[in-house]
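What the coordinates show
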Protein chains: 2
Amino acid sequence: MTSDSAPPTVGRPRLSGEATGSPRLDIIREATALFVAKGYAETTMTEIARSAGLRQSSLYYWFARKELILQTLLEENRSSLALATVLEAQPGPVAPRLYAVLHADVLQLCSAPLDFYEFERVARLQPQNFGAFFDDYAQLHRMIESLVRQGVDAGEFDAVDPADAATAALGLNEGLQRHYRLPLPGVLSYSADEVCRLSADTTITRLLAHRDDLAAIRAAATELSAGAAEAGES
Amino acid sequence: MTSDSAPPTVGRPRLSGEATGSPRLDIIREATALFVAKGYAETTMTEIARSAGLRQSSLYYWFARKELILQTLLEENRSSLALATVLEAQPGPVAPRLYAVLHADVLQLCSAPLDFYEFERVARLQPQNFGAFFDDYAQLHRMIESLVRQGVDAGEFDAVDPADAATAALGLNEGLQRHYRLPLPGVLSYSADEVCRLSADTTITRLLAHRDDLAAIRAAATELSAGAAEAGES
DNA sequence: GCAGGCTTTCGATAACTTATCGAAAAGGCA
DNA sequence: TGCCTTTTCGATAAGTTATCGAAAGCCTGC
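As the structure is a prediction and not an experimental result, all values here were calculated from the model.

In terms of helices and strands, chain A carries 11 helices and zero strands. Secondary structure elements in chain A, listed N-terminal to C-terminal, are α-α-α-α-α-α-α-α-α-α-α. In terms of overall dimensions, chain A has C-alpha extents of about 70 × 45 × 30 Å along its principal axes. Looking at the 234 residues of chain A, the share that counts as buried comes to 50%. For chain A, the share of sequence-separated contacts (at least 6 apart) that also reach a separation of at least 24 residues comes to 67%. Here chain A has roughly 10700 Å² of accessible surface; of this, 54% comes from carbon and sulfur atoms.

Spelled out as structure tokens, the structure:
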């Protein structure tokens, strides 16, 4: 099984002409489009195969199980954890750091090809293959909990329980990504930017001891995100 | 097709002895237990049939499709709408009324036999059969939006956008019921009462202009719920 | 008492799903 | 030329929801 980006030169030819690129990447690309359009459970291996230009059984040469396609195309699940790890250890006021983490998390959830809860459902059915997902989630929870604790200790935040606040913040993030992704009829829908701001605004406002300068916190959070991105690139 | 609570006296006898009660109610009871234990998608008609004491194909005499079982056992979806309708039109301070509505909504979500998002997924695949669900959801959203607007107008709440605040409140409710129902490994789990309080506390605290008396709001909300329940019974 | 109708259950089966397996069809290489 | 590797394919197993006609009892009218 080669992993090049060019179509293979060996092997039995396809009935539907030759592949345009690497079969593996073609499959991932077409599967991503189908998952975005219809969700994971409603997308069949036969449909993925037809889009990718081969037969259903041939898919299993590249991915032994359907969920391995999902696992591959979502390898960087919840990578906002990287930003959280950087900002959690950074000095300075807490609110902008937490705002940046929350905003980045919702943005990632909204940008993913699959609803968070549908992904979680698949992961829960195959815990042995998705251990990294659960580890990342627990660690993101700890990072947010730590940021809240810093804010409480500094008097910047209300005297809340940090673990509860982290659970509420993540629950709100996940619940709002769902509203963005699958808006219910009769309730107005939101853009990704709007839900990111709504979620981060809501959590931060609930925590702040003094609510005078939300706009300043937003601006500082944007700077922090940009700075962390530059540092990550260098 | 009879609807009594006694086992039928007519019809071909079952291979596995006679039924103990109404076949219809037996099926609903057994399906409920299975949905609670394994979820809807992971429960098969064969399992429901085995638990209810008949064969898979015989289920279709009582319920033409699997989702009709779900629809029947969840007929009062989101009945916290009744409390919201009463309290939305009631005079007096807003915070206790909104707290009571939010608390009751989370309690109902946590008490239901199925995860809200899994139910919503089934409803979305069969909108014609679940129109009442979407109507109820939209109306609950409007009730909460109205309560928030009342609070803002009275100066009791921050000057937020009522529609956004309602979306965030419902998103938090749904996200936290998920954390109650399916806790992720590595993150501590909550009881139903704890998530109800966490969700309502979080939303109300974010909205309140002055946060001095959350305990008093909780107490007043409890009284309002009890009063509305009594009025509903009489 | 029994013939026909009604109610309920059953077995067989269709259509669709994920997944497995051996065979087939090429290129590369001795 | 003949064999090995890579890739694809068709056939098929096992599981799912759902349909259909037949079977097996009661009940009613006569």
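Take the protein's contact with DNA strand C next. In the vicinity of DNA strand C, 28 residues are found, and the nearest of them are B:M1, B:G11, B:S57, B:Y61 and B:W62. Between DNA strand C and the protein, one listed contact pairs a base nitrogen with a backbone N or O atom of A:R12 at 3.4 Å. Between DNA strand C and A:Q56, the relevant distance is 2.9 Å, taken from a base nitrogen to a side-chain nitrogen or oxygen of the residue. Only α3 (56-62) of chain A together with α3 (56-62) of chain B provide two or more residues apiece to the surface near DNA strand C. Tallying contributions element by element places α3(B) first for the surface near DNA strand C, with four residues. The residue inventory of the surface near DNA strand C, partitioned by class, reads 12 nonpolar, 10 polar and six charged.

For the α-helix, the turn length of 3.6 residues means that residues three or four positions removed from each other point alike. Within helix α5 (residues 80-88) of chain B, burial applies to B:S80, B:L81, B:L83, B:A84, B:L87 and B:E88. For α5(B), the angular spread of the buried residues around the axis is 160°, confining them to a single face.

Accessible area lost upon the coming together of the parts is a frequently used measure of interface size. Residues and elements named next belong to chain A. Per the domain assignment, the segments of chain A are domain 1 (1-73) and domain 2 (80-233). Put simply, the middle of domain 1 and the middle of domain 2, counted by C-alpha atoms, are 33 Å apart. Contact with domain 1, which involves 12 residues of that partner, is made by eight residues of domain 2. Together, the buried faces of domain 1 and domain 2 total about 850 Å²; carbon and sulfur atoms form 66% of this surface. On the domain 1 side of the interface with domain 2, the three residues burying the most area are E67, L70 and Q71, jointly 50% of the side's total. The interface formed by domain 1 and domain 2 holds zero salt bridges in total. Counting across the domain 1 and domain 2 interface gives four residue pairs in polar contact (both at pLDDT 80 or more). Of all the elements, helix α4 (residues 66-73) adds the most residues to the side of domain 1 that touches domain 2, at four residues. Considering only residue class, the side of domain 1 that touches domain 2 consists of six nonpolar, three polar and three charged.

Note on the copies: chain A fits chain B at an RMSD of 0.0 Å, the axial shift is 0.0 Å, and the rotation between them is 180°. What the superposition gives is, in effect, a two-fold axis relating one chain to the other. Comparing interface residues between copies, 100% of those in chain A also lie at the interface in chain B; the contact surface is shared.

Next up on the list: the interface of chain A and chain B. Contact with chain A, which involves 39 residues of that partner, is made by 39 residues of chain B. Carbon and sulfur atoms supply 61% of the area buried between chain A and chain B, which totals about 3500 Å² over both sides. Three residues, A:L184, A:R206 and A:R211, lead the burial of chain A against chain B; their summed loss comes to 17% of the area buried on that side. On inspection of chain A and its partner chain B, the count reaches six salt bridges. Two residues, A:R178 and B:E120, come together in a salt bridge whose shortest N-O distance is 3.5 Å. The set of elements that each furnish at least two residues to the side of chain A that touches chain B consists of α7 (116-125), α8 (131-153), α9 (162-181) and α10 (192-207) of chain A. Among the elements that make up the side of chain A that touches chain B, the one with the highest residue count is α9(A) (11 residues). Class assignment for the residues of the side of chain A that touches chain B results in 21 nonpolar, eight polar and 10 charged.

Rules used throughout
Residues numbered from 1 in each chain as written. Chains lettered and ligands numbered in written order. Predicted model: local features only at pLDDT ≥ 70, side-chain atom pairs only at ≥ 80, totals over all residues. Heavy atoms only, no water. Helix = DSSP H or I, 4+ residues; strand = E, 2+ residues; numbered from the N terminus. Buried < 20%, exposed > 50% of the residue type's maximum accessible area, 1.4 Å probe, protein only. Contact = heavy atoms within 4.5 Å. Areas by Shrake-Rupley, 256 points an atom, 1.4 Å probe, with all protein chains shown as cover. Near = heavy atom within 4 Å. Polar contact = N/O pair within 3.5 Å; in protein donor to acceptor, adjacent residues only side chain to side chain. Nonpolar A, V, L, I, M, F, W, Y, C, P; charged D, E, K, R; others polar. Arc of directions from axis to C-beta. Domains from an automatic or database assignment. Buried area = accessible area lost by both parts, 1.4 Å probe. Salt bridge = Lys/Arg side-chain N within 4 Å of Asp/Glu carboxyl O. Least-squares fit on C-alpha atoms with pLDDT ≥ 70 in both.

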